[in-house]
Structures are given as C-alpha cells and as structure tokens.
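The primary structure of each chain is shown beneath.
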Amino acid sequence: DHRDLHSFPTRRSSDLVWLIVFFAAATGLARPFVKEAESGTELLLRQAARPEAVWLGKFAFSLGLMAAIELIVFPLFGAFLGVDVRRPGWLAAVAAAGAVSLSGATTILAAMVAKARARSSVFAVAALPVLLPPLVLLVEASGPAFGVSVGAGQPREALLAVMSYSGILIVLSWFLFPEIGRAHV
C-alpha cells in the first residue's frame, strides 16, 4: 500500500472535516445573539418584530454562515491535505444537510446561551450534546464521498437520520423561541 506523504488517510477524512466545520461553527454561530445581548438591542428587536420573524432571520443568517464556512472549509481541506473527493455530488448533499442541521440546532442554542451570564464559554459546552448526534451521522454519511467503503444503504440512512434530526430540532426551535425570548435571566 503506497501512500503519498502529502495525502491524508482516507478513513479519517470525514472525521476531520466535520470536526473542523464544528469548531468553525461553534466560534461564529452564537455571535449574533450574544452581540445583541451585550449591546442591549435585544429588547428593541423583540418589540420591533414577532419572535417567529426574529427566529427565521437568525436561522437564515446561521444557514448562510454555515454555507460560507463549508464553502471555505471543504475545498481548503481537500487542497491542503490532498484528500480525493470521489463523489462530489454526494458530499454536496451531505454538506447541505449538515448546514441545515447545524444551523437549526445552533439558532436555538445561541438564543439560550445569550441569556446566560458567561456567554462565550457556555455555547461550546451547551452545543456539544445537541450537535454530537448529527455530527456522528454526518461523518458516517460523508464517508463514501471520500472513498470509505461502508455497508450498502448505510450512508443514505445516516443522511436521512440527519435530516430527520434537523427537522425535529427546527420545529422545536420554532415553537420554543418565543418563550426563550421572553425569559429573563
């Protein structure tokens, strides 16, 4: 088995790329809520718009930011580590599902964390248990895009599980957001 010294082991490609995406997301996605809480504009926003509209705007921003993160991380990951993407269409589908999943989860988590006193340190700790299931599934689903052989149907099932998890989180987030907005800590 001859390996190029400049290429990353295929088996670990999906693990590492989603770990990078997670940390990039954890540093940026809570920012809009925390910034509002710190600057005191949260109350003004609550009075100017319905909670559902605020949630939708935050979700759209998070989704756009996640898409930008993925558009930067995936190509740079491949270029710098010499990773061969064998199924780019599949990787794009998994990345899109990942963006929706991570955005849906972090939108509600960021709203809750913005209410906490130690905002910067709380988000990563609060996000990990909620984001770990879709991250594990995203790693599993994206394996074939990097040439990792898995059982038949397994990546498709993992992708469907990510989409189901995302749907549940987004619906719960939509219904819980008005209550989180009214909460005073």
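On a predicted model such as this, the values are computed, not experimentally measured, just so you know.

Let's talk about the overall build of the chain
Then, in step 1: Scanning the chain from N- to C-terminus turns up seven helices and zero strands.
Then, in step 2: In the chain, the order of α-helices and β-strands from amino to carboxyl end is α-α-α-α-α-α-α.
Then, in step 3: Within the chain, the proportion of its 185 residues that are buried is 41%.
Then, in step 4: Here the contacts in the chain between residues at least 6 apart in sequence split such that 84% fall between residues at least 24 apart.
Then, in step 5: Summed over its atoms, the accessible surface of the chain is roughly 9800 Å², and 68% of this surface lies on carbon and sulfur atoms.

Structural notes on the side chain of serine 142
Then, in step 1: Relative to the helices and strands, serine 142 is located in helix α6 (residues 119-142).
Then, in step 2: We classify serine 142 as buried; its relative accessible area is 0%.
Then, in step 3: For serine 142, the side chain forms a polar contact with the main-chain oxygen of leucine 138, separated by 2.8 Å.
Then, in step 4: In this structure the side chain of serine 142 is engaged in a polar contact, spanning 3.4 Å, whose partner is the backbone oxygen of valine 139.
Then, in step 5: Setting aside chain neighbours within four positions, we find serine 142 in contact with Ser14, Trp18, Trp90, Leu91 and Val94.

Side note on the pattern of salt bridges
Then, in step 1: For the structure shown, the criterion picks out three salt bridges.
Then, in step 2: Note that arginine 12 is salt-bridged to aspartate 15, the shortest N-O span being 2.1 Å. Taken together, the residues span about one helical turn, with arginine 12 and aspartate 15 both in helix α1 (residues 10-28) at a distance of three residues.
Then, in step 3: Taking relative accessible area as the criterion, arginine 12 reaches 44% and is therefore assigned partly exposed.
Then, in step 4: The exposure class of aspartate 15 is partly exposed, given its relative accessible area of 26%.
Then, in step 5: Put simply, arginine 50 and glutamate 52 hold a salt bridge, and the shortest N to O gap is 3.4 Å.

Some words on the packing of helix α4 (residues 51-81) against helix α5 (residues 88-114)
Then, in step 1: Packing of α4 against α5 leaves a shortest axis separation of 8 Å and a crossing angle of 140°. By the criterion of interaxial angle, the relationship of α4 to α5 is oblique. Handedness of the α4/α5 crossing: right-handed. Counting all contacts with α4, which are made through Trp55, Lys58, Phe59, Ser62, Leu63, Met66, Glu70 and Phe74, the residues of α5 involved are Leu91, Ala95, Ala96, Gly98, Ala99, Val100, Leu102, Ser103, Gly104 and Thr107.
Then, in step 2: A class-by-class count of the residues in the contact of α4 with α5 yields eleven nonpolar, five polar and two charged.

The rules behind these values
Counting restarts for each chain: residues are numbered from 1 in the order of the written sequence. pLDDT decides what is reported in this predicted model: residues at 70 or higher carry local features, side-chain atom pairs at 80 or more are listed and counted, and totals for whole chains, interfaces and linings draw on all residues regardless. To obtain the side-chain values, all non-hydrogen atoms of the structure were included, while hydrogens and water were left out. Each helix corresponds to a stretch of at least 4 residues labelled H or I by DSSP, and each strand to a stretch of at least 2 residues labelled E; elements are numbered beginning at the N terminus. Using a 1.4 Å probe on the protein chains alone, a residue whose accessible area is under 20% of its type maximum counts as buried, one over 50% counts as exposed, and one in between counts as partly exposed. Throughout, a contact is declared for two residues whenever any of their heavy atoms are within 4.5 Å. All accessibility values rest on the Shrake-Rupley procedure with a 1.4 Å probe; residue burial counts only the protein chains present in the view. In protein, a polar contact requires one atom able to donate a hydrogen and another able to accept it; more generally it is a pair of N or O atoms within 3.5 Å, and residues adjacent in sequence count only if both atoms are side-chain atoms. We define a salt bridge as a side-chain nitrogen of Lys or Arg found within 4 Å of a carboxyl oxygen belonging to Asp or Glu. To define axes, lines are fitted to C-alpha atoms, for helices over the stretch in contact only, and angles between the resulting N-to-C directions are given on a 0 to 180 degree scale. Here is the rule for angles: anything less than 35 degrees is roughly parallel, anything more than 145 is roughly antiparallel, 65 through 115 is roughly perpendicular, and the remaining ranges are oblique. Crossings are assigned a handedness: left-handed for a near helix turned anticlockwise from the far helix by less than a right angle, right-handed for a clockwise turn. Polar here means any residue outside two lists: the nonpolar Ala, Val, Leu, Ile, Met, Phe, Trp, Tyr, Cys and Pro, and the charged Asp, Glu, Lys and Arg; Gly therefore counts as polar.

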